[in-house]
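These are the residues of each chain, in order.
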Amino acid sequence: MIEVVASMARGPVFLAGEVMECLITFTNPISHLSTSASSEMLAWASAQIHCQFHASESRVALPAQGTKQDVQAESDTVLIPSRGEGGQCMLDTPPKILFCDLRLDPGESRTYSYSEVVPNDGPPSFRGQSVKYVYKLTIGCQRVSSPIKLLRVPFRVLVLHGMPEPPFPQDEEVAPSNPFLEEEEGGRRDDRPLERALDMLTITSRRCPHLFNITNMRGKVAKFCIFKTVYRLGEDIIGTFDFSEGDIPCIQYSVSLQSEEEIQQGYQRRPGQSINVTGHGRHLESCLHTASTHFSLPVPLNVTPGFSTDIVTLRWRLHFEFVTSREPMESHNVLQNQPEVTVWTGAEHVDYFIVYPFIQNPPKESIALSHE
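So, a few notes on the structure that sits alongside this text. Predicted, not measured: the structure shown is a model, and the values here were computed from it.

1. Observations regarding the overall build of the protein
Here is step 1 of the chain: Along the backbone of the protein there are one helix and 20 strands.
Here is step 2 of the chain: The 372 residues of the protein split such that 37% are buried.
Here is step 3 of the chain: Of the contacts made within the protein by residues no fewer than 6 positions apart, 74% connect residues no fewer than 24 positions apart.
Here is step 4 of the chain: Surface exposure of the protein reaches about 22,300 Å², of which carbon and sulfur atoms provide 52%.

2. Describing the sheet that holds strand 3 (residues 19–27)
Here is step 1 of the chain: Taken in spatial order, the three strands make up an open sheet running 1-3-7, and their pairing is antiparallel. Across the chains shown, the open sheet's two edge strands, defined by having one partner strand only, are strand 1 (3–7) and strand 7 (109–117). With strand direction ignored, the average angle separating the axes of adjacent strands in the sheet is 20 degrees.
Here is step 2 of the chain: Alignment of strand 1 against strand 3, held across five bridges, turns out to be antiparallel. Within strand 3, the position partnered with valine 5 by the bridge is threonine 25.

3. Remarks on the pairing of strand 16 (residues 292–298)
Here is step 1 of the chain: The two faces of strand 16 differ: Thr293, Phe295 and Leu297 on one face are buried, but Ser292, His294, Ser296 and Pro298 on the other face are not.
Here is step 2 of the chain: Here seven bridges tie strand 13 (residues 236–242) to strand 16, and the two strands are oriented antiparallel to one another. For isoleucine 237, the partnering residue across the bridge sits in strand 16 and is leucine 297.

4. Quick look at the nonpolar core
Here is step 1 of the chain: In terms of nonpolar packing, the biggest core is built from 39 residues, with Met20, Phe26, Leu98, Val131, Tyr133, Leu137 and Phe155 touching the most fellow members.
Here is step 2 of the chain: Listing elements by their share of this core, those giving two or more residues are strand 3, strand 4 (40–55), strand 6 (96–104), strand 7, strand 9 (131–143), strand 10 (148–158) and strand 18 (312–325).
Here is step 3 of the chain: Dropping the residues within four chain positions of it, leucine 137 is found in contact with Met8, Met20, Cys22, Ala47, Gln48, Ile49, Tyr114, Leu151, Arg152, Val153 and Phe155.
Here is step 4 of the chain: One finds Phe212, Ile214, Phe241 and Phe320 within the second-largest nonpolar core, a separate group that totals 22 residues.

Parameters and conventions
- Residues numbered from 1 in each chain as written.
- Predicted model: local features only at pLDDT ≥ 70, side-chain atom pairs only at ≥ 80, totals over all residues.
- Heavy atoms only, no water.
- Helix = DSSP H or I, 4+ residues; strand = E, 2+ residues; numbered from the N terminus.
- Buried < 20%, exposed > 50% of the residue type's maximum accessible area, 1.4 Å probe, protein only.
- Contact = heavy atoms within 4.5 Å.
- Areas by Shrake-Rupley, 256 points an atom, 1.4 Å probe, with all protein chains shown as cover.
- Pairing = 2+ DSSP bridges.
- Axes fitted to C-alpha atoms, helices over the stretch in contact; angles between N-to-C directions.
- Core = buried A, V, L, I, M, F, W, Y, C linked by side-chain atoms within 4.5 Å.

Structure below.
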């Protein structure tokens, strides 16, 4: 028996265009139960990256695929990383040979380094309701006169759209011949995707307030302010409401962070197919007689930023719901020199209705957002 262990020093999350490095260890272990041990002969081992695509048959209509063989033949020596898996292989990198004709004595181990650039032209890792994009590092190994064995290591790929292109590389012949710059330049070359990503994330952190007037058919409800419209994973979405200038009393409001997964028209199973909406957080607050308030919704770290492919588009939005009163609500004022304690009690009955600013088919009394 051969043990294979794969270790990613930087963890399982990579940017598209970044170099993945993995240490792969092959061991011929000694079992305390066995009375004798023998050497193992491995014919070869190789590794490569591939992205597997899975689609819901009830929602996605894909072109017919030819029949394929999902069982690895014992005499086959060709490594197909997606063999035996469901779905379709969207992309794969060329396989890299780790070794050939390796002999391992009992208790002996050999470690090999694998490095590969994560493809730039692939989709990000995504697990939606209709489609999934899954990245895996597949390690294939074959013992002499034995079938191929596969080890699949899943990892996550993030794609930052709009990331600036790398600068034109400097010609090595005209570069300054300083012996102290070799290691520094090598490290800088490896970190370029991360540096460009950090530069882009710095741009998204800049604030530019956007003001919106929230109104319906009977007048103004509130003024909404959001400080920016581009956010990073793990960042808090912060917005404020100003009800002091509103004509209609607002009793309660809620804000939800939602993602929309829309199948492109050419791949929809049914015409006019609905969009899958997934909630990722909700803020609910009672705001009657409140002049101003705010909300904070964190963007989860395990979600996928918005992207678009030939098959699916993922978008993000804030969904608002407001509960407003049909009748004016009497406000309570506290006098400065009032000696007695005043007790406020809620109204026993309020004639209200709920309005939804961002839905496909709004009710007759709906809310509109107008940019100031």
